[in-house]
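Breakdown of the fold
Spelled out, the chains give:
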Amino acid sequence: MPASARHNVATMTVTFAEKLARIPHYEPGISLDDAKARAQTSDAVKLASNESPLPPHPQVIEAIAAAAGDINRYPDPEARVLRSRIAERCETEPGRIAVSNGSCEILLAAAEALCEPDAEIVYAWPSFSMYPHMAALSGAREIRVPLADGWVHDLDAMHEEVTAATQIVVVCNPNNPTGTYLPAERIAAFVESVPEHVTVILDEAYIEYQAVDHPDATIDLLPDHPNLVLLRTFSKVYGLAGLRVGYALCSAQFRAAVDAVRQPFSVNLLAQTAAAEALLHQDDVANRVEKNIVERMFVEEGLGELGLEIADSQANFVWVGLGDRDESELVEALARAGVAVRPGAALGAEGNLRVTYGNRDENQRFLTAMADAI
Ligand SMILES: *Cc1c(COP(=O)(O)O)cnc(C)c1O
């Protein structure tokens, strides 16, 4: 190679794929460390990520410890034990269950497996911050349908956006970040009305927390609707967010499709072990749900006394309207009091806060800080 050509190559810089420019920038808001620094304390509380304030079940921790000695081996690529326990728990077949490194992984895999660049993805807004990534990564066109009054999904308006090009409709129920819930009956009617070429992803990350329907009501829809996917996670009520395990109840075809676009060992050995154990403790899940409802009532009452508007939550967090108060000032004031919450501006609706229910002490600290701040 002549010296001049070598010189030219050496001065070229790395270029990244064009889709990178489409990927939304994730606004983390105020982190726990930010809150600790602002409050000059080490015991700041994080009510910003909808995690469970409760540690995992003790037998889950034991199972992880027992499995730790085996991590020189790869995990089961089929996650057979975990999938058969989910199947038992949900009264379906293991062949209709896809497991994943957090349920977010299935959202992205679904977009990759279902969408060519001329496809359309319909979802509500504000809703979960991962949905925009589905369009950005696959190159599909996204159609955001504003929530209706009361921050609930406008299923009629979403239905009107369905075309021959629609590949995915995502419905988040209960909805993150608003906590609002549509009864299973309404969901059933919607699934019934959507054309069969559309995959309906029902994101049920918080389904266990709602007290309107039996948490498994939508599972009954699966046999009649091969285009329906129920997305669930161990990150919320099971208290395993740090391990990253999610799953989809779906058709065998959907499972094969999302498996094909992912690496074979996406759920690690400790995560498979822990999730399989956690499923055996449904009494503990019920207990967690009950505790959350008690804290929901406590926080809602406290916010009501402060005269703040809140959405009707069926999840483990509350969506608080701030009226004409300055959102970023309020978020800063809470951080200075050692309380980290998620600002609405980062979630597509400035003038609101999303606050996760913590334990009683944490919730009291939030309410006190909020009373001081407004
Ligand atoms: C937390 C959450 C998830 C689950 O994410 P994981 O990847 O399983 O941790 C999925 N959907 C929504 C709406 C969520 O809020």
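Look up: the structure comes first, before these words.
Residues numbered from 1 in each chain as written. Predicted model: local features only at pLDDT ≥ 70, side-chain atom pairs only at ≥ 80, totals over all residues. Heavy atoms only, no water.

**Some points on the overall build of the chain**
Regarding its fold elements, the chain presents 13 helices and 13 strands. Relative to the 2.2 N^0.38 estimate, which gives 21 Å for 374 residues, the radius of gyration of the chain is 22 Å and therefore close to what a compact globule would have. The C-alpha extent of the chain, read off along each of the three principal axes, is 65 × 65 × 55 Å. Buried positions account for 51% of the 374 residues belonging to the chain. Element-wise, carbon and sulfur atoms account for 51% of the exposed surface of the chain, whose accessible area totals about 17300 Å². Of the side-chain charges in the chain, 29 are positive and 54 negative, and the distance between the mean point of each set is 7 Å. (Helix = DSSP H or I, 4+ residues; strand = E, 2+ residues; numbered from the N terminus. Rg over C-alpha atoms; globule rule 2.2 N^0.38 Å. Buried < 20%, exposed > 50% of the residue type's maximum accessible area, 1.4 Å probe, protein only. Areas by Shrake-Rupley, 256 points an atom, 1.4 Å probe, with all protein chains shown as cover. Lys, Arg positive; Asp, Glu negative; His and termini not counted. Charge placed at Lys NZ, Arg CZ, Asp CG, Glu CD.)

**Points about the sheet that holds strand β2 (residues 97–100)**
Strand order across the open sheet formed by 7 strands is β2-β8-β7-β6-β5-β3-β4, with mixed pairing between neighbours. In this open sheet, the two strands that pair with only one neighbour each are β2 and β4 (141–146). Averaged over all neighbouring strand pairs, the angle between strand axes comes to 20°, with direction disregarded. Summarising the sheet, strand β3 (residues 120–125) and β4 pair through 6 bridges and their orientation is parallel. Note on β4: the bridge partner recorded for Ile121 is Glu142. Strands β2, β3, β5 (166–172), β6 (199–203), β7 (228–233) and β8 (246–249) of the sheet are contacted by helix α5 (residues 103–114), whose axis makes an angle of about 150° with β7. Across the sheet, helix α9 (residues 252–260) lies against β2, β6, β7 and β8, angled at about 25° from β2, the strand it touches most. (Pairing = 2+ DSSP bridges. Axes fitted to C-alpha atoms, helices over the stretch in contact; angles between N-to-C directions. Contact = heavy atoms within 4.5 Å.)

**Some words on the state of the cysteines**
By the definition in use, this model includes 0 disulfides. Here Cys90 stays unpaired: no disulfide links it, and the sulfur of Cys250, its closest cysteine neighbor, is 11 Å away. Exposure remark for Cys90: the relative accessible area of 4% places this residue in the buried category. Unpaired in this structure, Cys104 has its nearest cysteine sulfur neighbour in Cys172, at a distance of 10 Å. (Disulfide = S-S within 2.5 Å.)

**Focus on the sheet that holds strand β13 (residues 352–356)**
The sheet built from 4 strands is open, its strands ordered β9-β10-β13-β12 with antiparallel pairing. Each edge of the open sheet carries a strand with a single partner, namely β9 (309–310) and β12 (342–343). The sheet contact formed by β9 and strand β10 (residues 317–321) spans 2 bridges and is antiparallel. Directly across from Glu309, in β10, lies its bridge partner Gly321.

**Describing the packing of helix α2 (residues 32–39) against helix α12 (residues 327–336)**
Contact geometry of α2 with α12 gives a least axis separation of 7 Å together with a crossing angle of 70°. One finds that α2 runs roughly perpendicular with respect to α12. Residues Ala35, Arg38 and Ala39 of α2 touch α12, and the partners they reach there are Glu332, Ala335 and Arg336. Considered class by class, the residues forming the contact of α2 with α12 number 3 nonpolar, no polar and 3 charged. (Parallel < 35°, antiparallel > 145°, perpendicular 65-115°, else oblique. Nonpolar A, V, L, I, M, F, W, Y, C, P; charged D, E, K, R; others polar.)

**Here's the deal with the site of the ligand**
Residues in close proximity to the ligand total 13 residues, the closest being Ser103, Tyr206, Thr233, Ser235 and Lys236. Within the contact set of the ligand, an oxygen atom lies 2.6 Å away from a side-chain nitrogen or oxygen of Tyr206. Along the lines of polarity and charge, the residues of the shell around the ligand split into 5 nonpolar, 5 polar and 3 charged. (Near = heavy atom within 4 Å. Polar contact = N/O pair within 3.5 Å; in protein donor to acceptor, adjacent residues only side chain to side chain.)

**Quick notes on helix α8 (residues 184–193)**
Those residues of α8 lying buried are Ala184, Ile187, Phe190 and Val191. Summarising the axial view, the buried residues of α8 lie within an arc of 120°, below the 170-degree limit, and thus occupy one face. For α8, the exposed residues lying more than 90 degrees away from the buried face are Glu185 and Glu192. Buried-residue contacts for α8 involve α7 (155–160), β5, β6 and β7. (Arc of directions from axis to C-beta.)

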